[in-house]
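Chain by chain, the residues run as shown.
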Amino acid sequence: MLDQIKGLHHVTSMARDARQNNEFFTKKLGLRRVKKTVNFDAPDVYHLYYADEFGTPGSVMTYFPFPNIGKGRHGVGEVGTTVYSVPEGTLAYWEKRFADEGVAGLSRQESFGEKRLGFAGPDGDGFALVENKADIRTPWAKGDVPSDEAIRGFHSVSLRLKDGGATEELLRFMGYEEVDTSGTVKRLAVKDGNGANIVDIESLPGAAFADLGAGSVHHVAFAVEDRAKQLEVRKALIDTGYQVTPVIDRDYFWAIYFRTPGGVLFEVATNEPGFDRDEDTAHLGEALKLPSQHQHLRPYLEQHLQKLED
């Protein structure tokens, strides 16, 4: 069993409209946009990052907004719900805020003894807030949400799978342990993690497979401290039989990717070098940052990429 993985690093999803996406996460959720860059493989498409003040691993939601993308179809073989942690007693604040802001899909829930508020993103993305009195992480305090109510970071992701057995075995190998079961959902967690410690597995053998599109999670990333730890994880996965990519430089972290037995794309990402490598912390997410191989496209991109604010 591995011990290098310390919880979630980031979750990356697909969207249709960059401006709507930016407004939802910075205004309605009160997160900080910590990076405005472009897709490495499609540089005419943004890659937007929303997180806490510093872009701390375990708090980072990222999006590829493809203007002409079709709507995703939810099903098995995907991350069904991305769950954020909020302070105890704040769900009433969030429920009113979301209702006033016209956020769709509001539903009060209770799962594993935790109070939850389900809601939908602008493309039908599945989200929830969970009250977590034990979460001591510091939120982004200069956003549209007061710090006493603000999102602390990720709580968990929920995987919807036709058969969760093989993916559960993989997660156990990655250092996760079963901590609880509720109906068809099995909860696994990594000990002594970064606060975003939980993965839920929901087995739905009769459900149809998901189709990737706007509102779909593209991949979920797990955090390791540095490149040395990442290489240890990569070797262990390859030795176990997984097809893992070479290490890829993503400017703000190094990444490896592999497909899980249940169909979900996993990434293992380093905490280094971080989002302040090319911007001062006080100005994260303000300027358009381009990977070196796309710098020559700057005049075109600055003219043609959708403006995120007035």
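Calculation criteria
Residues numbered from 1 in each chain as written. Predicted model: local features only at pLDDT ≥ 70, side-chain atom pairs only at ≥ 80, totals over all residues. Heavy atoms only, no water. UniProt positions renumbered as here; feature names shortened; annotations may be inferred. Helix = DSSP H or I, 4+ residues; strand = E, 2+ residues; numbered from the N terminus. Buried < 20%, exposed > 50% of the residue type's maximum accessible area, 1.4 Å probe, protein only. Arc of directions from axis to C-beta. Contact = heavy atoms within 4.5 Å. Pairing = 2+ DSSP bridges. Phe/Tyr/Trp six-rings, centres within 6.5 Å; stacked < 30°, edge-to-face > 60°. Lys NZ or Arg CZ within 6 Å of the ring centre and 35° of its normal. Salt bridge = Lys/Arg side-chain N within 4 Å of Asp/Glu carboxyl O.

### Quick notes on the UniProt feature "domain: Cyclic nucleotide-binding" (unreviewed entry) in the protein
- The positions UniProt marks with the feature "domain: Cyclic nucleotide-binding" (unreviewed entry) are residues 77–114.
- Helix and strand shares over residues 77–114 are 29% and 39% respectively, and the end C-alpha atoms of the span are 25 Å apart.

### Re helix H2 (residues 91–101)
- When H2 is considered as a whole, its buried residues turn out to be Leu-91, Trp-94, Arg-97 and Phe-98. Viewed end-on, H2 has its buried residues packed into an arc of 125°, placing them on one side of the element. For H2, exposure combined with an orientation more than 90 degrees from the buried face picks out Lys-96 and Asp-100.
- Looking at the buried residues of H2, the elements they touch are helix H1 (18–28), strand S5 (78–86), strand S6 (107–111), strand S7 (114–120) and strand S8 (126–131).
- Positive phi shows up at Gly-102, right after H2, with a value of about 75°.

### Topic: the pairing of S8
- Counting buried residues along S8, five of its six residues qualify, which places the element largely inside the surrounding structure.
- In this sheet, S8 lies alongside S5 in parallel orientation, the contact comprising five bridges. Note that in S8 the partner of Thr-82 across the bridge is Phe-127.
- Sheet analysis places S7 next to S8, joined by five bridges and oriented antiparallel. Directly across from Ala-120, in S8, lies its bridge partner Gly-126.

### Focus: the packing of aromatic side chains
- If you walk through the whole model with that rule in mind, you get 18 aromatic pairs.
- Ring centres 5.3 Å apart and planes at 55° place the aromatic pair Trp-94 and Phe-98 in the tilted group. With Trp-94 and Phe-98 both in helix H2 and four residues apart, this pair spans about one turn of that helix. For the pair shown, Trp-94 and Phe-98 are each scored as buried.
- Plain terms: the ring middles of Tyr-176 and Phe-222 are 5.9 Å apart, the flat faces sit at 80° to each other, and that makes the pair edge-to-face. Here Tyr-176, found in strand S10 (residues 176–182), pairs with Phe-222, found in strand S13 (residues 217–224); they are 46 residues apart in sequence, far enough to count as distant. Taken individually, Tyr-176 and Phe-222 each receive the classification buried, so the pair is uniform in this respect.
- Taken together, the aromatic side chains of Phe-24, Phe-25, Tyr-50, Tyr-63, Tyr-84, Tyr-93, Trp-94, Phe-98, Phe-119, Phe-127 and Phe-154 make up a single cluster linked through ring pairs.
- In this arrangement the basic side chain of Lys-162 is found over the ring face of Phe-209, its NZ or CZ atom lying 5.2 Å from the centre.
- Sitting over the face of the ring of Phe-40, Arg-250 holds its NZ or CZ atom 5.0 Å from the ring centroid.

### Topic: the sheet that holds S13
- Spatially, S2-S3-S4-S1-S13-S16-S15-S14 is the arrangement adopted by the eight strands of the open sheet, whose pairing is mixed. Each edge of the open sheet carries a strand with a single partner, namely strand S2 (32–38) and strand S14 (248–249).

### Regarding the pattern of salt bridges
- Per the counting criterion, the structure on display carries 19 salt bridges.
- Here Asp-135 makes a salt bridge to Arg-137, at a shortest N to O gap of 2.7 Å. Considered together, Asp-135 and Arg-137 belong to a single accessibility category, that of buried residues.
- Lys-191 is the partner of Glu-177 in a salt bridge, and the nearest nitrogen-oxygen pair spans 3.8 Å. One end of the pair, Glu-177, is in strand S10; the other, Lys-191, is in the loop between strand S11 (185–190) and strand S12 (198–203), with 14 residues separating them in the sequence.
- In this structure Glu-177 comes out as partly exposed when scored by relative accessible area, which is 30%.
- Under the relative-accessibility criterion, Lys-191 is labelled exposed at 58%.
- Beyond isolated ion pairs, a larger network of salt bridges with shared partners links Glu-168, Arg-172, Glu-178 and Lys-186.

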